[in-house]
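Given next are the chains, with one letter for each unit.
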Amino acid sequence: MSKVVIIGGGIIGLFSAYYLHKSGWEVDIIDQGDLSDNCSYGNAGMITPSHFVPLAAPGMVEQGIRWMFDSKSPFYVKPSLNTELFGWGLKFLKSATKKHVDRSAGALRDISVLSKTLFKEFEQDTNIDFGFEDRGILMLFKTPKMVEEEQHLAEQATNLGLDAQYLSPDECCKLQPGVEMDIAGAVHYHCDAHLSPNKLMAGLIKYLDIAKGVKIYRNTEVIKINHDSDKITSVNSAHQEFRGDAYVVAGGAWSPGIAKLAGLRVPLMPGKGYSFMVPQDESKRMTIPSILCEARVAVTPMNGCIRYGGTMEVGKINDQINMNRVKGIVESVPKYFPNFKPEVPQKKDIWFGFRPVSPDGLPYIGLSNKYKNLAIATGHAMIGLSLAPATGILINEVLNGTKPTMNIDVFSPERFQ
């Protein structure tokens, strides 16, 4: 039996482990934490084939500059003398073109649709209850400019074969009669779905923990990666050596540091996001998740509560909570849902995590050119949970030497080398 060592126990590493174990591999998962609070725990829980436009897109640079002067804005790049941030920014500027968006759309659609299908299969195969709901997602908007943009995106989605329906305010309100809305319109992406990230993570970890052939090493930081010519031979923590036939870097926002141990560059920056939960009023029960387009805030019904999440702070990893960003989320909600008036949560009730953001907004999925037994799986930004099953099965395929289910050329880990 071949053995694989996966560095990173987040949702990407866990699903890679699931599919590799399923195909016959012995699996070691190594994580620097205890797997209790990885980035995906605070995710909005949305499965989003509708998100076929990468973060690096025309207009994002101009919009981002405007947002930098608003402390409550949804996107912020903290200026610094960090050379990694400078290099990332230059690559982002170069990538934010229509050509890049057009080239990426089909691949993002394909991997998202694949992932949604795999979520359904995973639910059936494991009997894990993770709150999967196939109700779609509503994109809600208020301004004439956003109406035009979202109508155009809906047309593009339809042309890509995705199920998108433009709704008037009245049509949108009929879907959830108890929820009052103040909007100019909406697009209902029937192709989307949602789930409970906390249930998914807990269920998947428990499943792998008891699976024969899978070992999870918690609170174990990799400090050295050894290689001989074009193969990784082992990785070391402070107290242990791990050997395998293949290796996977799936360390999320920490992946650049891990890859550097092997002499590789994986350009990405941490993008901090925040979320918090509020009990749901049954008389105003929300059943369909929403994205508040102008505010870039996600609103998801989850486990009898509503999870509010948003913001993207690009900068160094830190444990500080920017309350102005959280207030920005809170203040945006009543503008779309007049009867929803969440209070600013206490710091202890605010979750934050670091999304791994590549310069072009696309994940890294595939084999390293330098080491033939090393795969990279990271850089998924805000859609890591959404793309996790598809990423896992693709990593399984490339390590098994079989033809990938879909073309993954645009996700090449070597595209910035």
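Below or above, wherever it landed, is the structure these notes cover. (Residues numbered from 1 in each chain as written. Predicted model: local features only at pLDDT ≥ 70, side-chain atom pairs only at ≥ 80, totals over all residues. Heavy atoms only, no water.)

### Observations regarding the overall build of the protein
Selection rule: The numbering of helices and of strands both runs from the N terminus, where a helix is a DSSP run of H or I of at least 4 residues and a strand a run of E of at least 2. As a reference, a globule follows 2.2 Å times the number of residues to the power 0.38, and the radius of gyration itself is taken over C-alpha atoms. Exposure categories follow from relative accessible area, calculated using a 1.4 Å probe and restricted to protein chains: below 20% of the type maximum is buried, above 50% is exposed, and the middle band is partly exposed. Residues count as neighbours in contact if any of their non-hydrogen atoms are within 4.5 Å of one another. Note on areas: Shrake-Rupley, 1.4 Å probe, and residue coverage restricted to the protein chains presented here. Under the counting rule used here, the positive set is Lys and Arg, the negative set is Asp and Glu, and His together with the chain ends is not counted. Just so you know, the charge point we use is NZ for Lys, CZ for Arg, CG for Asp and CD for Glu.
A count of helices and strands for the protein gives 10 helices and 20 strands. Scaling as 2.2 N^0.38, a compact globule of 417 residues should have a C-alpha radius of gyration of about 22 Å, and the protein matches this with 21 Å. On the principal axes, the C-alpha backbone points of the protein span a range of 65 × 45 × 45 Å. Burial status across the protein gives 59% buried among its 417 residues. Contacts in the protein between residues far apart in sequence, at least 24 positions, make up 76% of those at least 6 positions apart. Counting only carbon and sulfur atoms, one obtains 51% of the accessible surface of the protein, whose full area is about 17900 Å². On the protein, the mean spot of the 44 positive side-chain charges and the mean spot of the 44 negative ones are 5 Å from each other.

### Some points on the packing of helix α1 (residues 11–22) against helix α7 (residues 197–210)
Stated precisely, the cut-off is as follows: Helix axes use the C-alpha atoms of the stretch in contact, all axes being lines fitted to C-alpha atoms, and the angles between their N-to-C directions lie in the range 0 to 180 degrees. If an angle is under 35 degrees, it is roughly parallel; if it is over 145, roughly antiparallel; if it lies from 65 to 115, roughly perpendicular; otherwise it is oblique. If you view the pair so one helix is near and one far, a crossing is left-handed when the near helix is turned anticlockwise from the far one by less than a right angle, and right-handed when it is turned clockwise. When residues are sorted by character, Ala, Val, Leu, Ile, Met, Phe, Trp, Tyr, Cys and Pro go into the nonpolar class, Asp, Glu, Lys and Arg into the charged class, and all the rest, Gly among them, into the polar class.
Remark: α1 packs on α7, axes separated minimally by 11 Å, with the N-to-C direction vectors making an angle of 40°. By the angle between their axes, α1 is oblique relative to α7. In this structure, α1 meets α7 at a crossing whose hand is left-handed. Note on element contacts: α7 touches α1 through Leu200, Met201, Leu204, Ile205, Tyr207 and Leu208, opposite Ile11, Leu14, Phe15, Ala17 and Tyr18. Across the contact of α1 with α7, the residue classes tally to 11 nonpolar, no polar and no charged.

### So, α7
Because an α-helix completes one turn every 3.6 residues, residues spaced three or four positions apart along the sequence face the same direction. We count it as follows: One less than the number of residues in a helix, times 1.5 Å, gives the span that helix is expected to have.
Over its 14 residues, α7 runs 20 Å from end to end, which matches the ideal 20 Å to within 8%, given 1.5 Å per residue. Residues of α7 that are buried: Pro197, Leu200, Met201, Gly203, Leu204, Ile205 and Leu208.

### Quick look at the pattern of salt bridges
The condition that has to hold: The term salt bridge refers to a side-chain nitrogen of Lys or Arg lying within 4 Å of a carboxyl oxygen of Asp or Glu.
Under the counting rule described, the total for this entry stands at 15 salt bridges. The closest approach of N and O atoms between Asp134 and Lys116, which form a salt bridge, is 2.9 Å. Of this pair, Asp134 sits in the loop between α4 (98–126) and β5 (137–141) while Lys116 is found in helix α4, placing the two residues 18 residues apart along the sequence. By relative accessible area, which is 38% here, Asp134 ends up partly exposed. The buried category is assigned to Lys116, whose relative accessible area is 11%. The salt bridge involving Asp209 is made with Arg218; its shortest N-O contact spans 2.7 Å. By relative accessible area, Arg218 is classed as partly exposed at 31%. Among the charged side chains, a salt-bridge network with shared partners connects Lys116, Lys120 and Asp134.

### A word on a nonpolar patch on the surface
Defined as follows: Patch membership requires over 30% relative accessible area and the absence of a salt bridge. Like charges are linked within 9 Å, and nonpolar side chains (Val, Leu, Ile, Met, Phe, Trp, Tyr) within 5 Å.
Together, Phe86, Leu90 and Leu93 give the surface a local cluster of nonpolar side chains, amounting to about 330 Å² of exposed area. With respect to the helices and strands, the residue Phe86 is situated in helix α3 (residues 83–95). On the accessibility criterion, Phe86 (57% relative accessible area) is exposed.

### Here we look at the packing of aromatic side chains
The condition that has to hold: When the centres of two rings from Phe, Tyr and Trp lie within 6.5 Å, Trp using its six-membered ring, the rings pair. Their planes under 30 degrees apart give stacked, over 60 give edge-to-face, and anything left gives tilted. Our definition puts a charge over a ring when NZ of Lys or CZ of Arg is within 6 Å of the ring centre and also within 35 degrees of the ring normal.
One pass over the full model with this rule turns up 18 aromatic pairs. Seen from their ring centres, Tyr18 and Phe122 are 5.0 Å apart, and the 85° between their planes marks the pair as edge-to-face. With Tyr18 in helix α1 and Phe122 in helix α4, this pair connects stretches of sequence that are 104 residues apart. What makes Tyr18 buried here is its relative accessible area of 3%. Taking relative accessible area as the criterion, Phe122 reaches 1% and is therefore assigned buried. Between Tyr364 and Phe416, the aromatic rings sit 6.5 Å apart at their centres with planes inclined by 80°, giving edge-to-face as the arrangement. Separated by 52 residues along the polypeptide, Tyr364 in strand β19 (residues 364–367) and Phe416 in the segment after α10 (384–400) bring together distant segments of the chain. An aromatic cluster of at least three residues, connected via ring pairs, comprises Phe15, Tyr18, Tyr19, Phe119, Phe122, Phe130, Phe132 and Tyr207. Looking at Lys272, its charged tip hangs above the ring of Phe352, at a distance of 5.2 Å from the centre.

Geometric values such as these leave the question of function open.
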